[in-house]
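These are the residues of each chain, in order.
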Amino acid sequence: MHCLREKNRRREVLHQDRIGSSSTPLAGPTAFASVNHSRNQECASLGFKADSAIANCNVSLQNCHESSQPTQLRLDQIDPNLGDELPLPQTKLVSDGNSSPVLNRQNQTNGEQFTKIDKVSPPDQNFTSKACACFESKHCVTDDFNSFFSISFDDDFDFIQTEKMSLRQWIDASKSCGNASLTEYIMSALTIATKLTEFLIRAKEHQELHCLNDSITSHAIDSGNVIVTVAKESLPTGSEITRDLSWDESEKQRAPIDERGVTENKNDPSCILTVKFESMVRVPPSGDGEATCLWALGCIFYELFTKGDQIQFKPTPFNTISIRNMRLSGSNDGGNDDNESASTGRKSQKSNPSPVDNQFHHHIVLGSNGIPHSLIILVENLLLCNQGEFCGEDAYKSLDDLLVDLNLILSEPSRFLFNIDLGSIETLHISNKLYGRNEDAKKLLAAYKRSSDGQSCGALIMGEAGVGKSSLAKSIRDTTQNANGYFVSGIFDQNASMPFSAIGDIFNSLCDKFANDMQSFDDRRESIANALTDSLGREASLLNGIVPNLSKLMPLVASCESSCVDAGSRTRYLLLTLLETLTEFSKPITIFMDDIQWIDPASLMFCRTLMQIAKANRHVFLVMCFREDTSRCLENSQCYDWLQSSSTLEKISLANLNCDDVNQLVSDSLHVSPRLTRSLSAIIHRKSLGNPFFLRQTIDLLVNERLLYFSMTDRRWKWDLEKISDLQINENVVLLLMNEMTKLPDDLFLGLKATSCVGASIPNSIVDVLSKHLGYNLSKVLSALAQRGFLNEVGSTQFRFVHDRIYRAAYELMTENQQRQNHMKFGLAICSFVLEKCENNYDVLFIGVNQVNRGGPEVLTDPRQQRTIIAQLNLKAGHRALALTDFSSALSFFEHGIKFLDKNHWDERYQLSLNLFSAAAESACAIFDTPRVEAFTNEVTCHSLTLEDRLPCLHHFAKSLRTSRNLHACREYALGVLEQLGENVSEVMANQSDDTIRSLNGVLERFIATDIIINMRPYKQERYAYLMELYNELIYCYFVFDPSRVFGISKRMITLTFDNGLADTSSLAFAYYGMEATARGYSIGNKLGNLALRLAENSKYFSSVTAFAKQYISWVSEPFHAIAESHITGFYSGMRMGDEFSSCFNKSLYISTSFLCGNQLASIKKSCSDFVMLLLENKRKWFVPIISSLFWLVAELMGSAAVDKTDQNNLIPNEEAIEILAQNPKNCTLDLFLDTYSIIKSFYLHKNMCNFVGILDRVVSDTTQIRPSTLVGVFYEGLIGFSMARKYTFNDEWSRKGVLALAFLRKWESSKWNFENKIKLLEAEEMYFRGFYDRASQLYQDAIESSAKHKFPHELALSLELQGVFLHSIKMYKDSKTSLEASVKYYRDWGANAVADRVEQFMKNESCFHFHMSNEATDSATSVS
């Protein structure tokens, strides 16, 4: 297969060269082509009738042969039904100008052979694929036309002038031209040998197909009988042979050829077009006859590679072979070889036998000509084939085996052709190619291509340890780099010391690659820096600790310690923003994450979001490797379940290699033919189970045991098969490695154990520290281990174990007690270095503290003094991990610090103990581990001396209860803590008298007007800050359960602000108060909302303030459309500040407000779907019920066809939504959203209009929940009321709803943009109900105009529909039809096909419309007549 592909490639190159540089110019339509015959079985696929075609063609070809003049032959003379579909012998096509081209027999002059086409078919007809090359009409006479059809195996050569010569002529000609190197000659000769072997194999297949059993001697398989067809145009001036086929006769000192010769060869051996036998040749069947054929080929190859030397031989019983009839360029059947030999001017090499020369003579002659040892062995193995049963195991058994070896030599000369470097035979270099992974590689590549279409975000490669996951993943590197993209990687370590180390490596590498490319594009440097500055803002400096290389892309200000709600969320957002910004300036980015089974919780949360980004961003492709191990999967089940459940990852599961794959690896590594390594590979496969890593270790073991060795005599790798089969190899690869490691020299053995204690990798900075501690040069030892294949030297920064199993084996060389002792010993040495010389070198600090912690307090030599120091170092490392937002690592440091404390630590080390427990509570709260927060808080509560010491933990526990959605417990706990702080919360919530409110409003008016609040000093007391935070937690709880309590609490927070100064939560206090003031009708509400936004502009609560101020206040003065855009700003601000809850709150408000604005339903549906999937993916369930309900509302308005299977699987009210509803059965906010959507659906689809759950009475009685969605819900409930009142005139309840809704909305008529059209439409409905039709008609028209003016397209459609219904009821059918048709158009523009269908159905059902339309038709006919 490789050979055929290579031939096609060479043909294309020649085709292009001939067009551009042909020595014979092509004028007009004239061109040169060669034609090619197909096999008989292929003819059937061309669609012609074989019997009639053969009969007609036999006659025509016979005429061609008998005539000495060029004979014209029309295609339709062969068979009228054939046209030009019939393959024919090589002929000249002549056009008569009127009919189809005719065939002219080709002339042959001076060996030059070509086909001239006077009329060229269009390119898409591909005429050249329908004929054959190198055929003369005199050879067409045959009794078996089917054989004639099938026996030509030459390739087709478009637009090429060719020349034929015998192999001996080719060799002689190559001697006379001294321009080519020995390497060029060898490669050209190999091409001839390969083509000749292919020819014989195809001949054998042909004769087996036609059951031809003739026999002649093997004398026809002779070099003088081999015809080589070359491209004449490639011949140099004054030479009869092309330059790249030449042999430099003047080369007296022939140095051994090397791989460099191939790369320097400017001429391709592809100028050799065909190789075949001139006279009749029969290929014998398998067995002794085929052995003689192989021996005869050996003779030809010997002559070919020795530039003409011939082997003298004695006849043997194997010289007569059974062959089958095959006509190529020979004469009539039964032509004798003697005549042909005479015609060539020399005697056949087999006609005068002489004694056989010694085999060593052949070896010496070939070697003296500079022939590589591999070719010498190949020729010898062919010559052995005439020895019968004494030929030996290495002799060739078939032509197929020979062809495989020749193709390997041609395709991989560096491995199978060139002599092995004797200076590198001490170790066996195992090939790093991928074996047995073709299908898996195709899957990976297909996933990569699909990612550019947004159909995939990456691939997950799974398998047991050592199966080759990483190698397969890295195979996509070349594809990425060929697209000018970036391939970056990170490895997760089970015992990683550095927080966010793998993620940091990925982004550091990416920034470094970008920076290097920017040096070549100065014009892009500024644009990239500006884009990063715009997207990351001042928070970019917060990434310094994780991505220090970011400073190469943009200027970074000094690190700012700005407060945030959740540092982890902020860091994840900033990293993802950095990635998205860089993709705007780059080609594809492939991110490879290895050993993801060891991922830490912080990185796992990042990867969840990264996968969503990769799915949406076509420039990002993820590759993850997960090691399948039952025990590990149970420990890290969260990661395993997440990866398995992802539908956007291509799952690739790797198994061990089969025996054939192992044989290919062994063959490539030993530089020996696969046919010779099969038995060895079978044993290795059985002992290694086909595991690639185990396989390599097994081969290394065989080399070390001298069972696999390099033979200087044979100059190749050899083996002792019997001893290898008997060798006992441990099936546990770790034990096998451990056994090999014990044989290392002492210094290497100790260095290997010391390195394994540090981890899977060891930075050079640690190597230097340990070298001083151990008393020897550890760096030199590690370099020696790298040379032996145990470690990899990663640049100049670190050493890393080659494989996780090698690391485990080295680590398990020590007992558990030895491991802990070494950890403590190395850790103390590193920590001492940190304290003495580099106190702020946190990279070294992390490794040192981690080593001490793995040792444990039990192995301390001086516990009393060392415990305190180690606890302090853990506190320092934990705070640094907090700054890097790796809360899991931080919590681990704090907990280890607590373990190193003495029993009486609260008495002796009170401040250190308080700091450790408080920091541990903060870290546990950040990762939502409420039980551990409670445990740390209880410990502090029991031993703290003051309330102020307890407040941080108390606040963390209250916050943890709220973030875990345990709002009842959060409310009760916050109330208890506030009482401890001296707050009378009951009085605070009850004090809502009008006098108090008006008094406070007056003060606020003055302070806002004079900017007193804006210029207020910040707070100084920490107690006050925690008091405000606790009140804020309380508001969150009451906002869900009892919004009426929010007003009193917000007043108290404002009072505290006036007394103590501004805190971060002060902006929230003004937003809460403004929200309630707006709902109660106070004009100061809008001013308070603007004030809150100004105060929160640079605070961590900006997203939360935006949500409340815009949704609950600004709708009075701003269009809904502007409010929706503000929520998008709030969403991004929340992500930047780590306020994930408020960010999601803003996103849900944006989607719901966009729906109220009448945005396209398809866009709303997609936003809902994407957002819900993101919430569920990240385990954020708060807003799932609201957005899911909106999704299903939109889907029903669009029609059933709008919901696909993915939506059904992801968005049907799921367990998460049900769980939230069960936890919070009295969630007022959630209930209002769900009921509002239910009312809208009932009205638009006219379903359950009598049984819906209204919101009107709740909103009128409690105005604290007034916002755009509830007001719109009131509007639709009013429409239902008037509609049902007209239907059920006896029921006053429906009319009451309509009147009450209209009265309530009139309170907000000052907001004309948002409510004018709604009020007009309700008024029109009321006038219609009451019978004031003239007034109703005008109001409908006003509502239509207002909806269009204020950009509410869905309400424009609604107004037109209701106007049409009204006009229909007063028998204005023509106008009614116009309005209803317009409403259908606008409904469909909105995407509400189900609603449009309902209106159209109404029009069809009403007979008056049909009557009116028939009248129109009658009137039209009358006017025409």
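Everything below is about the structure printed above this text.
Okay, so let's go over this structure. Note that this is a predicted model, so its numbers are computed, not measured. (Residues numbered from 1 in each chain as written. Predicted model: local features only at pLDDT ≥ 70, side-chain atom pairs only at ≥ 80, totals over all residues. Heavy atoms only, no water.)

1. Describing the overall build of the protein chain
1) Next: Within the protein chain one finds 64 helices and 21 strands.
2) Next: Considering the protein chain as a whole, with its 1425 residues, one finds that 56% of them fall into the buried category.
3) Next: Within the protein chain, contacts between residues at least 6 apart in sequence are counted, and of these 76% link residues at least 24 apart.
4) Next: When the accessible area of the protein chain is evaluated, it comes to approximately 60,000 Å², of which 49% is carbon and sulfur surface. (Helix = DSSP H or I, 4+ residues; strand = E, 2+ residues; numbered from the N terminus. Buried < 20%, exposed > 50% of the residue type's maximum accessible area, 1.4 Å probe, protein only. Contact = heavy atoms within 4.5 Å. Areas by Shrake-Rupley, 256 points an atom, 1.4 Å probe, with all protein chains shown as cover.)

2. As for helix H62 (residues 1373-1390)
1) Next: If you check H62, its first and last C-alpha atoms are 25 Å apart, about what 18 residues at 1.5 Å a residue would give, namely 26 Å.
2) Next: If you check which residues of H62 are buried, you get Tyr-1373, Ser-1376, Lys-1377, Ser-1379, Leu-1380, Ser-1383, Val-1384, Tyr-1387 and Trp-1390. Burial along H62 is one-sided: seen end-on, the buried residues are contained in an arc of 165°.
3) Next: Positioned one or two residues after H62, Gly-1391 has a phi angle of 110°, which is positive. (Expected span 1.5 Å × (residues − 1). Arc of directions from axis to C-beta.)

3. As for the packing of aromatic side chains
1) Next: The tally for this structure, following the rule as stated, stands at 45 aromatic pairs.
2) Next: Between Phe-301 and Phe-305, the ring centres sit 6.5 Å apart and the planes meet at 70°, which makes this aromatic pair edge-to-face. You can see Phe-301 and its partner Phe-305 sitting in helix H9 (residues 288-305), four residues apart, about one turn around the helix.
3) Next: Considering the side-chain rings of Phe-1131 and Tyr-1132, the 5.0 Å spacing of their centres and the 70° angle between planes classify their relative orientation as edge-to-face.
4) Next: What links up through ring pairs into an aromatic cluster is the set Tyr-1036, Phe-1039, Tyr-1072, Phe-1108, Tyr-1112, Phe-1141, Phe-1145 and Phe-1183.
5) Next: Lying over the aromatic face of Tyr-842, Arg-880 brings its terminal NZ or CZ to 4.8 Å of the ring centre.
6) Next: When the ring centre of Tyr-1036 is taken as origin, the NZ or CZ atom of Arg-962, which lies over that ring, is 4.5 Å away. (Phe/Tyr/Trp six-rings, centres within 6.5 Å; stacked < 30°, edge-to-face > 60°. Lys NZ or Arg CZ within 6 Å of the ring centre and 35° of its normal.)

4. Observations regarding the side chain of Ser-1103
1) Next: Within the secondary structure, Ser-1103 is located in helix H48 (residues 1102-1112).
2) Next: Classification of Ser-1103 by relative accessible area gives buried; the value is 1%.
3) Next: A polar contact of 2.8 Å, which involves the side chain of Ser-1103, links it to the backbone oxygen of Gly-1130.
4) Next: Residue contacts for Ser-1103: discarding those within four places in its chain leaves Gly-1130, Ser-1133, Gly-1134, Asp-1139, Ser-1142, Ser-1143 and Asn-1146. (Polar contact = N/O pair within 3.5 Å; in protein donor to acceptor, adjacent residues only side chain to side chain.)

5. A look at the sheet that holds strand E21 (residues 798-801)
1) Next: The strand order across the open sheet built from three strands is E19-E21-E20, with neighbouring strands paired in antiparallel fashion. Either end of the sheet is taken by a strand with one partner, and the two such strands are strand E19 (761-763) and strand E20 (791-794). Between one strand and the next, the sheet's axes are offset by a mean angle of 20°, whatever the strand orientation.
2) Next: With three bridges joining them, E19 and E21 adopt antiparallel strand pairing. Across the sheet, residue Ile-762 finds its bridge partner in E21, namely Phe-799.
3) Next: Most of the contacts of helix H30 (residues 764-774) go to E19, to which it runs at about 80°, and overall it touches E19 and E21. (Pairing = 2+ DSSP bridges. Axes fitted to C-alpha atoms, helices over the stretch in contact; angles between N-to-C directions.)

6. Quick notes on the pairing of strand E15 (residues 620-627)
If a strand is regular, its side chains alternate between the two faces of the sheet.
1) Next: Most of E15 sits out of view: eight of its eight residues are buried.
2) Next: Residue alternation in E15 divides its side chains into two sets, Val-620, Leu-622, Met-624 and Phe-626 and Phe-621, Val-623, Cys-625 and Arg-627, and both sets are buried.
3) Next: Note: strand E12 (residues 458-463) against E15, six bridges, orientation parallel. By the bridge assignment, Met-462 is partnered in E15 with Phe-626.
4) Next: Where strand E14 (residues 589-594) meets E15, five bridges bridge the pair, whose relative direction is parallel. Bridge pairing in E15 places Phe-592 opposite Val-623.
5) Next: Each parallel crossover has a hand, and for E14 linked through helix H21 (residues 601-616) to E15 it is right-handed. (Right-handed = clockwise from strand over helix to strand, strands pointing away.)

7. Comments concerning the nonpolar core
1) Next: Core analysis: the largest hydrophobic core is formed by 174 residues, its most contacted members being Leu-708 and Met-741.
2) Next: With 11 residues, helix H38 (residues 910-926) is the largest single contributor of residues to this core.
3) Next: Sequence-distant contacts of Met-741, that is, excluding residues within four places in its chain, are made with Phe-749, Leu-752, Phe-790, Ile-806, Ala-809, Ala-810 and Leu-813.
4) Next: Judged by nonpolar contacts, the second largest core, of 146 residues, contains Leu-1149, Ile-1186, Trp-1294 and Leu-1380. (Core = buried A, V, L, I, M, F, W, Y, C linked by side-chain atoms within 4.5 Å.)

8. A look at the sheet that holds E12
1) Next: Pairing is parallel in the open sheet, where five strands are placed in the order E13-E14-E15-E12-E16. One side of each edge strand has no neighbouring strand; the edge strands of this open sheet are strand E13 (486-491) and strand E16 (649-653). Averaged over all pairs of adjacent strands, the angle between strand axes in this sheet comes to 15°, irrespective of strand direction.
2) Next: Sheet topology places E13 next to E14; six bridges connect them, and they run parallel.

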